[in-house]
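# Fold and geometry: a report
Listed below, chain by chain, are the residues.
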Amino acid sequence: MRGQLEKTEVLGKINTASKCVLSSLFPLMFQRHYSANACLLPICSLYGVAVTTVEGVGSTKSRVHPVQERLAKCHGSQCGFCTPGMVMSIYTLLRNYPEPTSEQMTAALAGNLCRCTGYRPILDACKTFCKESVCCQSKASGKCCLDHEEDLFDKEEKVSTRLFSPDEFQPLDPTQELIFPPELMRMAENQPKRTLFFHGERMTWISPVNLDELLDLKAAYPKAPLVVGNTNVGPEMKFGGMFHPVVISPARIPDLNVVKCTGDGLTLGAACSLSLVKDILRNAISKLPEEKTKIFRAVLKQLRTLGGEQIRNVASLGGNIISRKSTSDLNPILAASNCMLNLALKGRKRRIPLSDIFADGVGNNTIMPEEILVSVHIPHSRKGEYISAFRQAPRRENALPTTNAGMRVLFEEGTDKIKDLSIFYGGAASTTVCAKKTCWTLIGRYWNEQMLDEASRLVLKEIALPGSACGGKVVEYKNTLIVSFFYRFFLEVLQSLKTMDPCHNPGIPMEYESVLQDFQTKMPQSIQIYQASQSQSPQDPVGRPIMHQSGIKHATGEAIYIDDLPSVDGELFLAVVTSSRAHAKIMSVDASEALKGPGVFDIITANDVPATNEFHYSSDPEIIFARDKVICVGQIVCAVVADSDVHAKQAAAKVKIKYEVLEPVILTIEEAIKHNSFFEPKRKLEQGNVDRAFETVDGILEGEVHVGGQEHFYMETQSVLAIPRGEDKEMDVFVSTQHPAFIQEMVAASLGVPANRIMCHVKRVGGAFGGKILKSGLLASVAAVAANKTNRAVRLILSRGDDMLITGGRHPFIGKYKVGFMNDGRIRAVDAKYYINGGCTPDESVLVAEVSLLKMDNAYKIPNLRCWAYACKTNLPSNTAFRGFGFPQSALVTETWITDIADKTGLSPEKIREINMYKEDEQTPFKQKLDPQNLIRCWNECVEKSAYHSRKTAVKEFNKQNYWKKKGIAIVPMKFPFGLGTRYLSQAAALVHIYTDGSVLLTHGGIELGQGIHTKMIQVASRELNIPMSYIHFRETSTTTVPNACASVGSAGTDVNGMAVKDACQTLMKRLQPIINKNPKGNWNDWIKEAFEQSVSLSATGYFRGYNENMDWEKGEGQPFTYFLYGAACSEVEINCLTGDHKNLRTDIVMDIGCSINPAVDIGQIEGAFVQGIGLYTMEELKYSPEGVLYTRGPDQYKIPAVCDIPEQFRVSLLSSSQNPYAIYASKGIGEAGLFLGCSVFFALRDAVTSVRNERGLKKTFTLNSPLTAEQIRAACEDDFTKMLNAFQALYWNFPDFV
Ligand SMILES: Cc1cc2nc3c(=O)[nH]c(=O)nc-3n(C[C@H](O)[C@H](O)[C@H](O)COP(=O)(O)OP(=O)(O)OC[C@H]3O[C@@H](n4cnc5c(N)ncnc54)[C@H](O)[C@@H]3O)c2cc1C
Ligand code: FES
């Protein structure tokens, strides 16, 4: 084993990034490397396997591996938490294929998630290893080789497209890799022939070596699962409360690993991994005639998107089949294809069709508990037989299917008369289901429109779910997919029949053909353009694309997060017990069973809080532990501390709480409005005379848009380590937060000690996005109270599920509007009401509502305006700050009514945008002056660089020629005001020490969240002190070095801390200047030595008072912002009208960020935020039960964008020649702005849907809410199938007797 396995401990519920690679000889008997998810890998399954973790790949102490180096130097890490997983996926691929194709590379990363980067820089690093060139990074001219349009760049401008320099990279030399472990080879040759037993505290793992032994064991322990990949059993045990005292591992049994090619097909052992199955099928397809491999192709198609590579590498074929999950992608196609199962039981072997196990409709049939699946036979396809598989999932890759299907038809020879037909669906019921009756009825029919019509009705009647089964819209969508898939099969077969016999089969209309192609993930092409700094000293790093200061350490796994901190003597682990009711009185808490659990130390409740349990920052309190009542599901009621994380969690599950439900339970905005449940104050913004304006306009439209909430999904969940120091009530708190001073204040208040006893430390944070301020304070207080009570160090690392349940996220939002406009597109009046769902406590909800109001105008001049914002008080977990802070929601509403006006007036949306855009020196609705020159420049450049008009024409042309696939394009401008509203919130301080050897220790109040603040601060210090960056070190942010620092929020970190660092450095330089003047030829070290000898202080603080910002809500006037960022984005998409699926084809962004301090970091922020915006607006969907329980509590249910979701072409340009007099070195704070531009994808999708609806003569006005999921797109693309479904529902499901 190389590296420390414990460091592979992973990211949450189900790992989102692989962190280890398995080099295995067994059972395959050939050398191969696999990436795997450490969190699902049972340690006992590693017998005969070598494990390499990221530390074993390379380190700063020995040699950094080229993968690690390139990932860091290409800026592929921001917070760094996902980086080891990325390294391991790429490394594994390169070990198996030293010169991979770009397709292999994107497939290798399909199972890795990154919340920061937007993947582009990670893929840039990957491309440097690929055989084929996919990128033009090295073109310094600023003109990308991908640009086929005319020269887009101003020849006068010196622009650069180089964010890294490939010449610096070490070559990848496969001969330098660690050799395949000889021990494994020896093991493979001398396999021990004995059964292995591993006994744990509660479990026994048995690994037999032959089939007879396995059958004996299964007879002895019929309930014991056979665990191969553990991807089904593991999650059930970890999260489903399932427990198995005995587990049998069949991985070493040759019969279960068999791979046999026979005359009529392939026989594959049940323990074969899905990756192996994929390779075998691919190989067979390449060797056999096409006619024989149609089943193989269909299975392979499903395997390409089943899970990620890390899952397929361990998950077994048998496990997938036997689990009989409704979401199995293999069962429908294997069952439809007449695959056979070879089963064995002690003393008996038998062979059955796979379809038999679904014959009873619930998947319980046929296989006995003590029976095992030995192998699976997949037959060759026959002449006249057509087979297809389909799937639609919330994300194209690495997501369980919403619905899938396997279909097969066999025709009577030389005809299109159905001889045999089988249709199986997944996702429709609790297991795979067969449309038996439909198939029987259709035998003998001809493959034509009448058959299609009959089949659609039959299949709906037989398979479709009743409307009320489990949530109306989802059911409707699944039902639509059931018929849509059959229709797609119908088209595919028609087209194949044409290929076979063009004379008798006309095939399908040309405009239908494109729907037969599924969307594929291609290696994105990208370009980033920024203004290269001119006339600057070569040493001055400001304005250059400097690598993240921790980039290499992120990639080698040496970067430390809270969970990596070494354990402290006597340390305890804490698990929280949360409320299961949304609004209830706590009748009793019974912890007696929990206290009996192994290793349990204590239970912590509100009674253990020495001082403040309820914090009254506004009218309603923020609460550490619920005392008498609970106000949301997920509220912390108490906590268990134990000697291990596992023991603490096991005990927490045993705490019994009795509740008495209280009324009302308010969950939604609508319910809050009904109950008049709001946090105060409500805010209003008004200008002009709205009522009078409405009297004079040509048209008025009214509407309502819903924007769903969003989970932060930072990769590092909330984490704290509280260490009582034993003297003077001192406590060190290591915490993953954006605001250490606030944590210090809350912990001190909860313990009743002065703040000077609490030392809060933050080295780095694995992503935050606004979610680690108040919530981290409450959780730190929980840990601190426990540490105080037990006088032991207490570590609290929230599981992904608990984090999502407890900590809230972006506010769900409803915007109701009435807009008055003229026929020429001018907007005259807007009357709007915005409601945000604040959840159960105020947090920053009122502030979010205010900001949504202040930024609602986006880029437009609205002469008469009256808007209200309300923060609703509900019984959901309290929502909090999230990148963009209300702007992404209110501006989406604005852009929606802009598009509505376009629909009404018949003008294009971009025309309406242009007409109403701020044009000259103007005032915002709250009378702040703004100069929109750069807004217009961004817009014009974006129109030009994206070749918007010509591409719009091409999109129209495409749409004319394609019926079931449509494209859409949209361009959206943005004005993003920068500011925190009050001066004291943007004050900042820094502390700079120079040591006598010339090295510099820099500290400031900003937190490294992945946004590269420390890198930028070192750049600032380097310029000011005129020394290389390598002389300067940043250790940690701490309340002991910089007190009372403001939160790192609102894009302001670099602006304000940069000023403070500059101030400190200038103070030092002032002191050093006389010495430098005396010895101008000396060097830095000479001057420092001299300064010390002259008793000149070499330590200085720097300070920035903050921006003079204010807002008078009474008057509705103020200067809440200091300056404005501008931008524009153009996105193009393609949709599949039959499934609602879409592909992001291209995005061009032009962003005005002043003079960038670090273009690599800033472009990274823009791209990362943009992709997070794609998530918000098109895929991330929070789902709650009617009782207020969050369903979406992990990466399996909540889908954030992955590699497959980023635009195939992704171009970002920074606006040149932009100055900003208000911020450090004329830069602008860029952390948040890019997120809103993700809505260009939303409006491109809307454009595509509009085109569908226009073509089909559907109602012109329609509403699309955010997130615009496949389900909504499918519903908006009404067609004969949706009509058929509606008619069918009306006919059958409205009658109560229908079963
Ligand atoms: C993150 C993630 C994503 C996934 N995505 C998808 C997806 O997109 N599509 C999809 O179809 N699936 C998906 N899966 C499910 C995955 O494919 C299955 O869990 C996997 O194939 C099961 O195989 P395993 O070896 O891991 O099973 P294990 O967990 O090891 O065992 C599963 C069950 O099968 C039984 N079993 C296993 N082998 C035999 C045998 N030979 N004889 C009798 N019983 C046996 C065991 O007793 C056990 O009850 C995903 C899983 C995860 C964790
Ligand atoms: S860098 Fe990928 S999650 Fe932060």
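Residues numbered from 1 in each chain as written. Chains lettered and ligands numbered in written order. Predicted model: local features only at pLDDT ≥ 70, side-chain atom pairs only at ≥ 80, totals over all residues. Heavy atoms only, no water.

Each helix and strand counted, the protein chain has 36 helices and 47 strands in total. If you line up the protein chain on its principal axes, its C-alpha atoms span 95 × 80 × 70 Å. Within the protein chain, buried positions represent 65% of all 1299 residues. Considering only contacts in the protein chain between residues 6 or more positions apart, those separated by 24 or more positions represent 77%. (Helix = DSSP H or I, 4+ residues; strand = E, 2+ residues; numbered from the N terminus. Buried < 20%, exposed > 50% of the residue type's maximum accessible area, 1.4 Å probe, protein only. Contact = heavy atoms within 4.5 Å.)

Within this structure, the stated rule accounts for 61 salt bridges. For D691, the salt bridge is made with R866, and the minimal N-O distance between the two is 3.1 Å. Of this pair, D691 sits in helix α21 (residues 690-696) while R866 sits in strand β34 (residues 864-873), and the two are 175 residues apart along the sequence. A salt bridge links E941 to K945; the nearest nitrogen and oxygen atoms lie 3.2 Å apart. One end of the pair is E941 and the other is K945, both in helix α28 (residues 933-945) and four residues apart, which spans about a single turn. Pair check on accessibility: E941 and K945 agree, each one buried. A network of salt bridges, in which partner residues are shared, links K684, E686, D691, D831 and R866. (Salt bridge = Lys/Arg side-chain N within 4 Å of Asp/Glu carboxyl O.)

Turning to the UniProt feature "active site" (unreviewed entry) in the protein chain, a few remarks are in order. Cross-referencing UniProt, the feature "active site" (unreviewed entry) maps to E1232 in the present numbering. Within the element layout of this structure, E1232 appears in the loop between β47 (1209-1214) and α34 (1239-1255). The exposure class of E1232 is buried, given its relative accessible area of 11%. Ignoring anything within four residues of it in the chain, the contact list for E1232 reads R883, G884, F885, F976, G1050, S1051 and A1169. Of note is the side chain of E1232, whose polar atom sits 2.8 Å from the side chain of S1051. (UniProt positions renumbered as here; feature names shortened; annotations may be inferred. Polar contact = N/O pair within 3.5 Å; in protein donor to acceptor, adjacent residues only side chain to side chain.)

Turning our attention to helix α7 (residues 211-220). Among the residues of α7, L211, L214, L215, L217 and K218 are the ones counted as buried. Taken end-on, α7 shows its buried residues confined to a sector of 160 degrees, consistent with a single buried face. Across from the buried face of α7, at angles greater than 90 degrees, the exposed residues are D212 and A220. The secondary structure elements touched by the buried residues of α7 are β6 (204-207), β7 (246-248), β10 (340-345), β11 (348-353) and β12 (372-379). Where α7 begins, the side chain of N210 points an oxygen toward the backbone nitrogen of D212, at a separation of 3.2 Å. (Arc of directions from axis to C-beta.)

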